[in-house]
Amino acid sequence: MNVLLVLIPVSLVLAACGLIAFIWSLRSHQYDDLDGDAWRILVEDEDAP
């Protein structure tokens, strides 16, 4: 039972860190152009030797 006194706060801190990282990624516009990277690898560059 003493293990729960450690595991519950640790899991809450890890969940809060994940939520903060997700909110940061939303605010820094990481998910704005989801199709751009997918198409960019398929299109050949004209400048490539």
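See above for the structure.
Residues numbered from 1 in each chain as written. Predicted model: local features only at pLDDT ≥ 70, side-chain atom pairs only at ≥ 80, totals over all residues. Heavy atoms only, no water.

Some points on the overall build of the protein chain
Consideration 1: The number of helices and strands found in the protein chain is two helices and zero strands.
Consideration 2: With respect to the principal axes defined by its C-alpha atoms, the protein chain has extents near 65 × 20 × 15 Å.
Consideration 3: Residue burial in the protein chain is summarised as follows: out of 49 residues, 4% are buried.
Consideration 4: Of the accessible surface of the protein chain, which amounts to about 5000 Å², a share of 68% is contributed by carbon and sulfur atoms. (Helix = DSSP H or I, 4+ residues; strand = E, 2+ residues; numbered from the N terminus. Buried < 20%, exposed > 50% of the residue type's maximum accessible area, 1.4 Å probe, protein only. Areas by Shrake-Rupley, 256 points an atom, 1.4 Å probe, with all protein chains shown as cover.)

Quick look at helix α1 (residues 2–27)
Consideration 1: Between its first and last C-alpha, α1 extends 39 Å over 26 residues, near the 38 Å set by a 1.5 Å rise per residue.
Consideration 2: Where α1 terminates, the next one or two residues include histidine 29, which has phi positive at roughly 60 degrees. (Expected span 1.5 Å × (residues − 1).)

Describing the pattern of salt bridges
Consideration 1: What the rule picks out here adds up to one salt bridge.
Consideration 2: Notably, a salt bridge pairs aspartate 33 with arginine 40, separated by 4.0 Å at the nearest N-O pair.
Consideration 3: Accessibility expressed as a relative area gives 51% for arginine 40, which makes it exposed. (Salt bridge = Lys/Arg side-chain N within 4 Å of Asp/Glu carboxyl O.)

As for the packing of aromatic side chains
Consideration 1: A complete count under the given rule lists one aromatic pair for this structure.
Consideration 2: Between the aromatic rings of phenylalanine 22 and tyrosine 31, the centroid separation amounts to 6.3 Å while the plane-to-plane angle is 45 degrees, which identifies the pairing as tilted.
Consideration 3: On the basis of relative accessibility, which here comes to 43%, the residue tyrosine 31 falls in the partly exposed class. (Phe/Tyr/Trp six-rings, centres within 6.5 Å; stacked < 30°, edge-to-face > 60°.)

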